[in-house]
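Examining the three-dimensional arrangement
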Amino acid sequence: MNPTPHDLAALEALAVEVAREAAAFIVEQRPTELEVSTKSTHTDVVTVMDSRSQELISERLRTARPQDAFFGEEDGAERGGDPSETGLTWVVDPIDGTVNYLYGLAPYAVSVAVVEGDPAVPGEWRPVAGAVVDATSGEVFHAHLGGGSRRRGVDGTETELTGSGCTDIAQALVATGFGYDSAKRGRQARALVELLPAIRDIRRGGSAALDLCHVASGQVDGYYEMGVNAWDIAAAWLVITEAGGLLTGASGRPPSPDSVVAAGPGVHADLLALVDSVIDLVREDR
Ligand code: IPD
Ligand code: CA
């Protein structure tokens, strides 16, 4: 991947603007009775608002950046539209934390990132700008490559993010999540049983994008999950690394649906070693 010649600050500003509009939309327009259908399993839900939020985001991005490609969760993981003429693809999660949204429970988020390379192929892409909006609080986590990482409060105040300073894995508060396939959830639970005694405690917030942003803000010390997709991590990956944190897959490989491990530099190696020691428990051939 070549260094990007694009105006990264402008791409970040667009990501923030569009993600904020979509976040306000899903909060304000949330129907009392949500129309719901299912995707991979009977617990993997998609609400009518996931689709509407993605339509809104894709329309705004296609108008502002018609030459870029678009890759959204609700396309069924298919690349939408024409190939990118700029080498850039917008990677979008229109509601991250859909189950929380369904139950009217915080938090849930909108994640909008722009990446170089092919987001469908682990190791072949990297985010260059992005924003995650915590829809219920209105906070915005945003970053562009080389530009630092910030949280914008509801009053517009920008705070520089510097990640978690934790240096002792036994004291680390670690966020994680579970998949929609019941057999896989069972395997993830068995891995958690092994990992939990080695850390302070676990948190399951329900939005991978926000879990990752909370690593950048130091509100948790680490995050791992086996089974997240490019749209869950694209914007938050940059928010973490621009805050001085680290994000990899298992064994230090690029992040992928197999595994994502993120933490501040003081505990990333130890969290990675823990994840490496349990990851075989989660893999499908077990
Ligand atoms: C899910 C959330 C959840 C994580 C799941 C994701 P969705 O995304 O990020 O925290 O544990 O793996 O699929 O379905 O709400 O967009
Ligand atoms: Ca998601």
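Provided above is the structure to which this section pertains.
Described in the following lines is the structure provided in the data block. (Residues numbered from 1 in each chain as written. Chains lettered and ligands numbered in written order. Predicted model: local features only at pLDDT ≥ 70, side-chain atom pairs only at ≥ 80, totals over all residues. Heavy atoms only, no water.)

1. Describing the coordination of the calcium ion (ligand 2)
The condition that has to hold: Sites may look incomplete because water is not among the atoms; the donors themselves are N, O and S atoms within 2.8 Å of the metal, or within 3.2 Å for Na, K and Ca. Each helix is a run of DSSP H or I of at least 4 residues and each strand a run of E of at least 2, with the numbering of both proceeding from the N terminus. Partly exposed describes any residue whose relative accessible area lies between the buried limit of under 20% and the exposed limit of over 50%, with all areas from a 1.4 Å probe on protein chains only and scaled to the type maximum.
Protein-derived ligands of the calcium ion (ligand 2) are Asp93 (OD), Asp96 (OD) and Asp232 (OD), with the metal-ligand distances lying across 2.0 to 2.3 Å. If you list the donors of the calcium ion (ligand 2) from N- to C-terminus, the spacing comes out as D-x2-D-x135-D. With a gap of 139 residues between them, Asp93 in strand β4 (residues 88-96) and Asp232 in helix α6 (residues 230-242) connect regions that are remote in the sequence. Residue class for Asp93 comes out buried when judged on its relative accessible area of 0%.

2. Observations concerning the packing of aromatic side chains
Operational definition: Aromatic contacts are taken between Phe, Tyr and Trp rings whose centres are within 6.5 Å, Trp giving its six-membered ring; a plane angle under 30 degrees counts as stacked, one over 60 as edge-to-face, and the others as tilted.
The final tally for this structure, using the stated rule, is three aromatic pairs. Considering the side-chain rings of Phe71 and Trp231, the 5.9 Å spacing of their centres and the 45 degrees angle between planes classify their relative orientation as tilted. On the criterion of sequence distance, the pair formed by Phe71 in strand β3 (residues 69-72) and Trp231 in helix α6 is long-range, its members being 160 residues apart. Between Trp125 and Trp237 the ring centres are 5.0 Å apart and the planes differ by 80 degrees, which places this aromatic pair in the edge-to-face class. In this pair, Trp125 sits in strand β6 (residues 125-134) while Trp237 sits in helix α6, placing the two residues 112 residues apart along the sequence.

3. Thoughts on the nonpolar core
As a reminder, the rule being used: The criterion is simple. A nonpolar core is a set of buried Ala, Val, Leu, Ile, Met, Phe, Trp, Tyr and Cys residues joined through side-chain atoms within 4.5 Å. Contacts were defined at the residue level, with two residues in contact if any of their heavy atoms lie within 4.5 Å.
If you look at the biggest cluster of nonpolar residues, it comprises 36 residues, and the most contacted ones within it are Val132, Leu212 and Tyr223. Take this core: its biggest share by element is ten residues, from α6. Among all residues touching Val132, those that are not within four sequence positions of it are Ala109, Val110, Ser111, Glu139, Val140, Phe141, Ala209, Leu210, Cys213, Ala235 and Ala236. Ranked by size, the runner-up nonpolar core spans 32 residues in total, among them Trp90, Tyr101, Val112 and Ala129.

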